[in-house]
Amino acid sequence: MSVSWFSLQRQFGHDVIPVLNVPREDYNLKTEVVYLLNKYKIDQSDLVFVDDLELLRSQGRVNVHLVDHNVPTDSQADLASKVLSIVDHHNQDCTNDDK
């Protein structure tokens, strides 16, 4: 789902940076993700993690499209007003019905 959405945004000429919604230090806990990305030779150093965005977040320079999540986590509550779209198979807990 994420790859399809990312490809569509690129076709529309939008610059999008996929971000793993985990801190970099917790990456190895996501064993299925680690396995899949290792299988395709995608190195951890090539990935962007949620904690890599702290500077942009502090400057208010982040817009968010949630993919496979329907709400920001509690620690990301400051991003709720920056959510431009939600692509998810769940719709409960959505804070904005038109997303």
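Scroll up for the structure.
For the structure given in this document, a descriptive report is provided here. (Residues numbered from 1 in each chain as written. Predicted model: local features only at pLDDT ≥ 70, side-chain atom pairs only at ≥ 80, totals over all residues. Heavy atoms only, no water.)

**Examining the overall build of the chain**
Stated formally: A run of H or I in DSSP counts as a helix once it spans at least four residues, and a run of E counts as a strand once it spans at least two, with each numbered from the N terminus. Only protein chains enter the area calculation, which uses a 1.4 Å probe; residues under 20% of their type maximum are buried, those over 50% are exposed, and those in between are partly exposed. When checking whether two residues touch, look at their non-hydrogen atoms; a contact exists if any pair is within 4.5 Å. Note that accessible areas follow from Shrake-Rupley with a 1.4 Å probe, and for residues the cover is restricted to the protein chains shown.
Check the secondary structure of the chain and you find three helices and two strands. In sequence order, the chain lays out its α and β elements as α-α-α-β-β. For the chain, with 99 residues in total, the buried portion stands at 23%. Considering only contacts in the chain between residues 6 or more positions apart, those separated by 24 or more positions represent 38%. In the form shown here, the chain has an accessible surface area of approximately 7,500 Å², with 51% of it arising from carbon and sulfur atoms.

**Some thoughts on the packing of aromatic side chains**
Each pair of aromatic rings is reported with the distance of its centres and the angle of its planes. Formally: What counts as a ring pair is set by centres within 6.5 Å for rings of Phe, Tyr and Trp (its six-membered ring), and what kind of pair is set by the plane angle: stacked under 30 degrees, edge-to-face over 60, tilted for all other angles.
Counted according to the given criterion, the structure contains one aromatic pair. Pairing Tyr27 with Phe49 gives two aromatic rings, centres 5.4 Å apart and planes at 80 degrees, and the pair type is edge-to-face. Note that Tyr27 is positioned in the loop between α1 (2–11) and α2 (31–39) and Phe49 in the loop between α2 and α3 (54–58), a separation of 22 residues in sequence. Like Phe49, Tyr27 is buried.

**As for the pattern of salt bridges**
Basically, it comes down to this: Any carboxyl oxygen of Asp or Glu that lies within 4 Å of a side-chain nitrogen of Lys or Arg is treated as forming a salt bridge with it.
In the structure shown here, the tally under the stated rule is one salt bridge. The salt bridge partner of Arg24 is Asp52, with a shortest N-O separation of 2.7 Å. Of this pair, Arg24 sits in the loop between α1 and α2 while Asp52 sits in the loop between α2 and α3, and the two are 28 residues apart along the sequence. When its relative accessible area of 37% is taken as the criterion, Asp52 is described as partly exposed.

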